[in-house]
Amino acid sequence: MKPVQVYDDRVVIFGQNVSNCIVCAILCFLNLIITSVSLAQQVFSIVRYGHVFLCNFNESHAVEPFLSYDIVIYDFGLFHRLWGISECIANYLDGGYLRLAWCVSYLSTMLLLALYLYISDKRPPVYLMWPALAMQSTYSIGLLILTLSALPKLLRYVFVNIDRTVILLLTIFSSGILINFIFTYILWHYFWFSEATLAQSCTKNRERPNPNRRHHQRFSSIQFNSTEQINSAFESLT
């Protein structure tokens, strides 16, 4: 027996069934916290320093400890150790504007997903999950690309200059990636389950007989029989 089995409607963990809706809600809430803190970093940087993301890993030049980490990619100094960069990766891409847009977009989709999960018993339309599926899948792909790009340097660094700090940073980064991959995988399964459940419900509603229509047919047959009786009585009199 496998310790963990994932189905469309549930996850079986050591024989215990856990609804995918609950798992998605927990992971959605966790990512909401991470994204909110990441967005707060940029808001703080803009308000305090007039810079969209003034991130710096170098402790001697860091303007603020809160801006010394790139929380959204679980980078608490790992890439500073690997590549020797002094700023966050987002700063080297476009200065942090894309990161800001990502945080706002991802936060919005997670809030929409949280709403869907909250009213899931009422079987809302599954297209409410589409933005979350797209953003979460993109998030996982982006983290995978980042991991693959750092893998050669990471392997060499681990086998040569391994220490407790690197182990801690690597554990945080790996845990974040693993959580997001699990979230993406289970979220897709839950989407397929919700889609199938909604389709099955619509099919049952179509096949269910309409009581108003049945009453109308019954009334028509009674009216038709009464008309025949009247005609028969009239013919017998004549």
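Predicted model only: the values in this text are computed from it and were never measured. (Residues numbered from 1 in each chain as written. Predicted model: local features only at pLDDT ≥ 70, side-chain atom pairs only at ≥ 80, totals over all residues. Heavy atoms only, no water.)

### Examining the overall build of the protein
Scanning the protein for helices and strands turns up seven helices and three strands. For the protein, the succession of helices and strands along the chain, N to C, is β-β-β-α-α-α-α-α-α-α. Looking at the 238 residues of the protein, the share that counts as buried comes to 34%. Restricting to contacts in the protein with at least 6 residues of sequence separation, those with at least 24 account for 68%. Working note: accessible area of the protein is about 14900 Å², and carbon and sulfur atoms make up 64% of it. (Helix = DSSP H or I, 4+ residues; strand = E, 2+ residues; numbered from the N terminus. Buried < 20%, exposed > 50% of the residue type's maximum accessible area, 1.4 Å probe, protein only. Contact = heavy atoms within 4.5 Å. Areas by Shrake-Rupley, 256 points an atom, 1.4 Å probe, with all protein chains shown as cover.)

### Focus: the UniProt feature "transmembrane region" (unreviewed entry) in the protein
The UniProt entry lists residues 21–46, 66–84, 96–119, 139–159 and 166–188 under the feature "transmembrane region" (unreviewed entry), expressed in the numbering used here. Summarising residues 96–119: 92% helix, 0% strand, and an end-to-end C-alpha distance of 35 Å. Between the first and last C-alpha atoms of residues 139–159 the distance is 29 Å; the span itself is 100% helix and 0% strand. (UniProt positions renumbered as here; feature names shortened; annotations may be inferred.)

### Some words on the pattern of salt bridges
It is possible for side chains bearing opposite charge to pair when their charged atoms get close. Within this structure, the stated rule accounts for three salt bridges. The partner of Asp70 in a salt bridge is Arg99, with the nearest N and O atoms 2.8 Å apart. Taken together, the positions of Asp70 in the loop between α1 (20–49) and α2 (78–83) and Arg99 in helix α4 (residues 97–118) put the pair 29 residues apart, joining distant regions of the chain. One exposure class covers both Asp70 and Arg99, and it is buried. Where Asp163 meets Arg81, a salt bridge forms, and the shortest distance between an N and an O atom there is 3.5 Å. One end of the pair, Asp163, is in the loop between α5 (130–160) and α6 (164–207); the other, Arg81, is in helix α2, and 82 residues separate them in sequence. When its relative accessible area of 31% is taken as the criterion, Asp163 is described as partly exposed. (Salt bridge = Lys/Arg side-chain N within 4 Å of Asp/Glu carboxyl O.)

### Concerning the pairing of strand β3 (residues 16–19)
Of the strand pairs in this sheet, strand β2 (residues 10–13) and β3 are connected by four bridges, and their pairing is antiparallel. Counted as the bridge partner of Ile13 is Gln16 from β3. (Pairing = 2+ DSSP bridges.)

### Topic: the sheet that holds β3
Read from one edge to the other, the open sheet built from three strands follows the order β1-β2-β3, with strand pairing classed as antiparallel. The open sheet is flanked by β1 (4–6) and β3, the only strands paired with a single partner. Across the sheet, the mean angle from the axis of one strand to that of its neighbour is 20 degrees, orientation sign disregarded. In this sheet, β2 lies alongside β1 in antiparallel orientation, the contact comprising three bridges. From the neighbouring strand, Gln5 faces β2, where its bridge partner is Val12. Strands in contact with α1 are β2 and β3; relative to β3, the strand with the most contacts, it is inclined by about 60 degrees. (Axes fitted to C-alpha atoms, helices over the stretch in contact; angles between N-to-C directions.)

### Considerations on the state of the cysteines
Within the structure shown, the criterion is met by one disulfide. Across the disulfide from Cys55 sits Cys88; the S-S distance is 1.7 Å. Because the sign of the S-S torsion sets the handedness, a value of about 45 degrees for the bond joining Cys55 and Cys88 places this disulfide among the right-handed ones. Separated by 33 residues along the polypeptide, Cys55 in the loop between α1 and α2 and Cys88 in the loop between α2 and α3 (89–93) bring together distant segments of the chain. Per residue, the accessibility class of Cys55 equals that of Cys88, and both read buried. (Disulfide = S-S within 2.5 Å.)

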